[in-house]
Structures are given as C-alpha cells and as structure tokens.
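Each chain is listed here by its residues.
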Amino acid sequence: MLGGAVEVGESYEEAAARELAEELGVRAPPRLVFRFRCAGAISPYWLGLHEVVVAEPIKPDPEEIAWHDWLTEPELVELVRHEAFVPDAREAFDRYVAARPRPEPR
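Residues numbered from 1 in each chain as written. Predicted model: local features only at pLDDT ≥ 70, side-chain atom pairs only at ≥ 80, totals over all residues. Heavy atoms only, no water.

**Focus on the overall build of the protein chain**
Within the protein chain one finds three helices and two strands. Each helix (α) and strand (β) of the protein chain, taken in turn from the N terminus, gives the series α-β-β-α-α. Reported as C-alpha extents along the three principal axes, the dimensions of the protein chain are approximately 45 × 35 × 30 Å. A buried classification covers 24% of the 106 residues belonging to the protein chain. Considering only residue pairs separated by 6 or more positions, the protein chain has 46% of its internal contacts joining residues 24 or more positions apart. (Helix = DSSP H or I, 4+ residues; strand = E, 2+ residues; numbered from the N terminus. Buried < 20%, exposed > 50% of the residue type's maximum accessible area, 1.4 Å probe, protein only. Contact = heavy atoms within 4.5 Å.)

**Description of the environment of L20**
Within the fold, L20 resides in helix α1 (residues 12-24). A residue is classified by how much of its surface remains accessible, and L20, at 5% relative accessible area, is buried. In sequence terms L20 and R81 are 61 residues apart; their C-alpha atoms lie 24 Å from each other.

**Notes on the packing of aromatic side chains**
For the structure shown, the criterion picks out one aromatic pair. Aromatic pair F34 and F36: ring centres 6.0 Å apart, planes at 50°, arrangement tilted. This pair shows no difference in class: F34 is buried, exactly as F36 is. Its guanidinium or amino end placed over the ring of Y12, R35 lies 4.7 Å from that ring's centre, counting from NZ or CZ. (Phe/Tyr/Trp six-rings, centres within 6.5 Å; stacked < 30°, edge-to-face > 60°. Lys NZ or Arg CZ within 6 Å of the ring centre and 35° of its normal.)

**What to know about the confidence of the model for the protein chain**
Detailed reading of predicted coordinates is not advised where the pLDDT is low. Looking at the protein chain, pLDDT values average 89 and 99% of them are 70 or higher. Across the protein chain, the element-wise mean pLDDT spans from 89 in helix α2 (residues 73-82) up to 94 in α1. (pLDDT = per-residue confidence, 0-100.)

**Observations concerning the side chain of E10**
Within the secondary structure, E10 is located in the segment before α1. Leaving out residues up to four positions away in the same chain, E10 has contacts with A5, A15 and R18.

**Comments concerning the packing of α2 against helix α3 (residues 87-99)**
Orientation of α2 relative to α3, taken along the N-to-C sense of each, is 140°, at an axis distance of 10 Å. Judged by the angle between their axes, α2 and α3 are oblique. As for the relative orientation of α2 and α3, their crossing is left-handed in sense. Counting all contacts with α2, which are made through L76, V77, V80 and R81, the residues of α3 involved are R90, F93 and D94. For the contact of α2 with α3, the residue count by class is four nonpolar, no polar and three charged. (Axes fitted to C-alpha atoms, helices over the stretch in contact; angles between N-to-C directions. Parallel < 35°, antiparallel > 145°, perpendicular 65-115°, else oblique. Left-handed = near helix turned anticlockwise from the far one by under 90°. Nonpolar A, V, L, I, M, F, W, Y, C, P; charged D, E, K, R; others polar.)

Structure, rendered in structure tokens:
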C-alpha cells in the first residue's frame, strides 16, 4: 500500500495520484473508495483509500519503496496478517475487504 499526506489545496484524489507517480512512477487516475477516521499510531487522522488500475509497467523509486511484488489476494491477506505491516494500512485493508461487493451465489 502506498501512502502520503494531502498537501494544502490538494484533493484526496490529487494526493493519491501524486503519491502513485512519486512512489511507483505510474500516472493513472485513482478512484476514492472511502475515507475514515483512522486511530493512527501517533494520533487520529482522516485516511482516504483509493484504488487504481495500473496498465503500464511500474518503476518503483528505491528511495520511496522498500519492497514490491505482484501478489494474489490470498498471498496479500497472509502478508497483511503475518508480516511487519503498518497497523494503519492493515486497518485500511480490512475496511477495504469488508466494503467490497461480494459476488452473488449462483
């Protein structure tokens, strides 16, 4: 998960697009999924969670990204649960999974 702060005069979507470009070298329009008040490791703050379809090669900035990989959903769930994962990002991930529409049973 990528992250960063919204700058003065920036929308959540503009900040997400800027962070995506800075961290992964990708220019794509992120879509705001939801905002929530995150407890935060230091203090509470508003967190906007976005999603984006990446249709170009990524070019992670080694100054910004410590590790990256393409994961299946089960691999991602495992990583979120068992690795040193930022608690705020874990909360955002859990809320994202809970908010996703589920396919109707046939």
